[in-house]
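Below are the chains, spelled out letter by letter.
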Amino acid sequence: MRLFAAVLPSAPAIAELAAEVAQLKALPGADRLRWTGRDGWHFTLAFYGEVADDLLPELQERLARAAHRHAPYELRIAGGGRFDDRVVWAGAEGELAVMRKLADSAEAGGRRAGVMVAHHTYRPYHPHLTLARNRTQHLRLAPFAAGMEGFEGSPWTVRELALMRSHPPVQGVAGSQPHYEKLASWPLGH
């Protein structure tokens, strides 16, 4: 199974972001991007890649411990940008130092469970939520990133750590998107 640990935005935060994304989709060239659906919006904490079934119980136990060690914290979807001309993303504001520590714990839990973790040690953890991917090298994403710069959603309290499974897009189906399934979650601070 292809797994990752994540923070899932609240329903009101998703609704606010969806209204902003609707405006981005009206920009020239938006139809040339592959937009992530609302059900795919999340903040990845640690990416585990393919995880063998026999490692899942240990990983879940480690993530439960990580969640227990971290208190709930405030977060909001705010701002955004682009990774080169490949990805348009929304950013986060709030208690980001707490979120980074939770990400470090989720990564360490994966390593201790024997899961090969895609380390982000080569760059600092940068919480972001992917909005769109560029399908062509001829489309510049600067206008889309600029459209997110002033966005500031309402804050919500992050209360859980989720273990997510990524199902790949259906082969041969135009416009097919990955599908994400929550396998388990644990309350923070309990």
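Values in this document were obtained by computation on a predicted structure and should not be read as measured data.

1. A short note on the pattern of salt bridges
Alright, step 1. Per the counting criterion, the structure on display carries 8 salt bridges.
Alright, step 2. Taking the shortest distance from any N to any O, the salt bridge between Asp 85 and Arg 140 comes out at 3.1 Å. With Asp 85 in the loop between strand E4 (73–83) and strand E5 (87–94) and Arg 140 in the loop between strand E6 (129–134) and helix H4 (142–148), this residue pair connects regions lying 55 residues apart in the sequence.
Alright, step 3. Several salt bridges share partner residues, and in doing so they unite Arg 82, Asp 85 and Arg 140 into one network.

2. Things to note about the side chain of Ser 105
Alright, step 1. Relative to the helices and strands, Ser 105 is located in helix H3 (residues 96–112).
Alright, step 2. Excluding anything up to four places from it in sequence, Ser 105 contacts Ala 66, Arg 69 and His 70.

3. As for the environment of Ala 19
Alright, step 1. Residue placement: Ala 19 occurs in helix H1 (residues 11–24).
Alright, step 2. For Ala 19 and Arg 159, which are 140 residues apart along the polypeptide, the C-alpha to C-alpha distance reads 24 Å.

4. Re the sheet that holds strand E8 (residues 160–167)
Alright, step 1. Pairing in this open sheet of 4 strands is antiparallel, and the strands run E3-E1-E8-E9 from one edge to the other. Two strands close off the open sheet at either side, each with one partner strand: strand E3 (43–50) and strand E9 (179–187). The average undirected angle you get between the axes of adjacent strands in this sheet is 20 degrees.
Alright, step 2. Relative to E9, E8 runs antiparallel, the two being bridged by 8 bridges. Bridge pairing in E9 places Leu 163 opposite Ala 184.

5. Let's talk about the environment of Gly 37
Alright, step 1. Topologically, Gly 37 is positioned in the loop between strand E2 (33–35) and E3.
Alright, step 2. Each C-alpha atom of the pair Gly 37 and Thr 130 lies 9.7 Å from the other, and the pair is 93 residues apart in sequence.

6. Observations concerning the nonpolar core
Alright, step 1. Membership of the largest hydrophobic core comes to 53 residues, with the highest contact counts inside it found for Leu 17, Leu 45, Tyr 48, Leu 75, Leu 131 and Leu 161.
Alright, step 2. When residues in this core are grouped by element, the largest group, 6 residues, is from H1.
Alright, step 3. Not counting chain neighbours up to four residues away, the residues in contact with Leu 131 comprise Leu 17, Val 21, Leu 24, Arg 34, Trp 35, Thr 36, Trp 41, Val 88, Trp 89, Ala 90 and Met 148.
Alright, step 4. Formed by 5 residues, the second largest nonpolar core is a distinct cluster that contains Ala 6, Ala 162, Met 164 and Tyr 180.

7. Structural notes on unusual backbone geometry
Alright, step 1. Even without glycine at this site, Asp 84 takes up a positive phi of about 50 degrees.
Alright, step 2. Tracing the backbone through its elements, the reader meets Asp 84 in the loop between E4 and E5.
Alright, step 3. A relative accessible area of 55% means that Asp 84 is categorised as exposed.

8. Let's talk about helix H2 (residues 56–69)
Alright, step 1. For H2, which comprises 14 residues, the first-to-last C-alpha distance of 20 Å matches the rise-based estimate of 20 Å (1.5 Å per residue) to within 8%.
Alright, step 2. Here H2 has its buried residues at Leu 56, Leu 59, Leu 63, Ala 66 and Ala 67. Take H2 and look down its axis: the buried residues cluster within an arc of 95 degrees, on one side only. The outward face of H2, more than 90 degrees from its buried face, is lined by the exposed residues Pro 57 and Arg 69.
Alright, step 3. Residues of H2 that are buried make contact with strand E1 (2–7), E3, H3, E8 and E9.

Thresholds, definitions, all that
- Residues numbered from 1 in each chain as written.
- Predicted model: local features only at pLDDT ≥ 70, side-chain atom pairs only at ≥ 80, totals over all residues.
- Heavy atoms only, no water.
- Salt bridge = Lys/Arg side-chain N within 4 Å of Asp/Glu carboxyl O.
- Helix = DSSP H or I, 4+ residues; strand = E, 2+ residues; numbered from the N terminus.
- Contact = heavy atoms within 4.5 Å.
- Pairing = 2+ DSSP bridges.
- Axes fitted to C-alpha atoms, helices over the stretch in contact; angles between N-to-C directions.
- Core = buried A, V, L, I, M, F, W, Y, C linked by side-chain atoms within 4.5 Å.
- Buried < 20%, exposed > 50% of the residue type's maximum accessible area, 1.4 Å probe, protein only.
- Expected span 1.5 Å × (residues − 1).
- Arc of directions from axis to C-beta.

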